[in-house]
Structures are given as C-alpha cells and as structure tokens.
Amino acid sequence: MYARRGRSWVALYDPVGPRSAWPDLIRRFVALADAHGGRAAFYQVRPENLPLYLDAGLRLLKLGEEARIPLPQFGLEGSRRANLRYALKRGERDGLAAEVIGPNAAAAILPALNAISDAWLQGRRGREKRFSVASFDAAALNAQSVMLVRQHGRPVAFAAFMTTDLHTEATVGAMRHVPQASPYAMEYLFTKLALHLKAA
C-alpha cells in the first residue's frame with residue numbers, strides 16, 4: 001500500500017511478494033517517485049530488511065517503536081509497576097472508571113466517541129491521519145471492542161481494540177482523550193485494558 005503526501009511517495013511496510021524480488025521492487029518504487037518529481041519513503045519496515053533500503057540509496061529515519069506487552073507475564077506487583085498502581089489509584093481519585101463495549105455495540109456510544117475525537121483533534125490543531133495511524137471511522141469502531149473511560153460519569157477517553165479469534169493477541173486502534181481529562185486518563189486506560197485483555 002502506498003500514498004502520496006505532497007512530494008513524498010510513502011509505502012507502508014516492506015514489499016509484498018517473493019523476497020528475491022524485493023530489491024527490484026524497492027528500486028522501482030524509488031524510480032517511480034523520482035520520475036514524478038517526488039521522494040520515496042518506506043514506513044514501518046522490519047529492521048532485518050534495512051540493508052535493502054540502504055542499497056536503494058535511501059537513508060534511515062527512526063520515527064518510533066512498536067510497544068508490545070506480554071500479557072501472561074503482565075501484572076501490577078513489584079516496584080517496577082508502582083507507577084501503574086499509582087495511575088489506577090490516582091485515576092480513581094480523579095473519578096475515572098473504565099468499561100468495555102463489545103463489537104457491534106459501539107453504535108450507542110458513537111456520538112460520545114466522536115465528541116472525544118473532535119476535542120482531541122482540536123487540541124492538537126491537526127486533522128485526521130489516514131495512512132498508518134488509526135483514524136476515527138464509525139464503521140470500524142463499531143466492528144471493534146472499545147474501552148471507554150468516564151470521569152465523574154462523563155466520557156473522556158477511549159481506545160478501540162481487536163483480538164484474534166483464539167484470544168492470543170490483541171491490537172489497539174484509534175485512541176483519543178479530551179484535553180480536560182485527568183492527566184492519568186490514558187495511563188489508567190491502558191493499564192485497565194492490559195488487565196482486561198490478560199483476563200480474557
């Protein structure tokens with residue numbers, strides 16, 4: 001999958017197809033962008049494939065890392081998890097409470113989710129991203145589970161998530177919070193979500 005962003009041509013992930021064809025596919029993508037006066041970029045490629053991109057004349061730019069939580073070992077015990085225990089207790093003192101809304105049940109709360117998303121975007125003076133960062137999409141949200149956080153009964157934060165059929169892995173999609181929410185709202189949300197997924 002690729003998209004044009006101004007003068008940049010951005011491909012998401014490594015090429016698809018036989019690995020032996022990847023060097024040529026990368027070079028062809030770079031040439032295509034160049035032929036249209038643009039620059040080629042590859043986003044979220046695997047570290048073991050970086051030499052292929054360097055060989056094609058590209059340079060590396062680290063934008064972030066993927067967070068993974070091994071849920072069977074996850075817990076709140078010990079000094080290393082003191083910050084998470086504090087976030088839960090502080091969140092409760094700030095009036096936070098979390099609930100999980102299952103797939104195909106989010107339609108009833110979509111107006112609240114949309115209001116949170118709009119406030120989040122306005123607070124960042126940005127617009128919706130649609131390439132690799134999960135965007136607010138009503139149909140997609142309704143097909144996923146959602147953890148909703150309320151503060152004194154008012155919806156202030158959410159994260160959409162999906163699990164595999166065997167419930168061995170989960171992935172988080174769109175996540176938003178209103179600027180006025182407790183500063184612990186997202187840490188509270190993700191701690192509650194990890195505990196929920198571990199139990200599930």
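Preceding block: the structure.
Residues numbered from 1 in each chain as written. Predicted model: local features only at pLDDT ≥ 70, side-chain atom pairs only at ≥ 80, totals over all residues. Heavy atoms only, no water.

The next point concerns the packing of helix H3 (residues 82–93) against helix H6 (residues 185–199). Remark: H3 packs on H6, axes separated minimally by 9 Å, with the N-to-C direction vectors making an angle of 110°. Classified by the angle their axes make, H3 and H6 are roughly perpendicular. Read as a crossing pair, H3 and H6 show a hand that is left-handed. Contact with H3, carried on its side by Asn83, Leu84, Ala87, Leu88, Gly91 and Glu92, involves Glu187, Tyr188, Thr191, Lys192 and Leu195 of H6 and no other residues of that element. Across the contact of H3 with H6, the residue classes break down as five nonpolar, three polar and three charged. (Axes fitted to C-alpha atoms, helices over the stretch in contact; angles between N-to-C directions. Helix = DSSP H or I, 4+ residues; strand = E, 2+ residues; numbered from the N terminus. Parallel < 35°, antiparallel > 145°, perpendicular 65-115°, else oblique. Left-handed = near helix turned anticlockwise from the far one by under 90°. Contact = heavy atoms within 4.5 Å. Nonpolar A, V, L, I, M, F, W, Y, C, P; charged D, E, K, R; others polar.)

Moving on to the sheet that holds strand E6 (residues 154–163). Strand order in the open sheet formed by four strands is E4-E5-E6-E7, with antiparallel pairing between adjacent strands. Taken across any chain shown, the strands that pair with only one partner, and hence form the sheet edges, are strand E4 (96–101) and strand E7 (170–177). When strand polarity is set aside, the average angle formed by the axes of neighbouring strands in this sheet is 20°. Contacts from H6 reach E4, strand E5 (145–151), E6 and E7 within the one sheet, and its direction differs from that of E6 by about 40°. (Pairing = 2+ DSSP bridges.)

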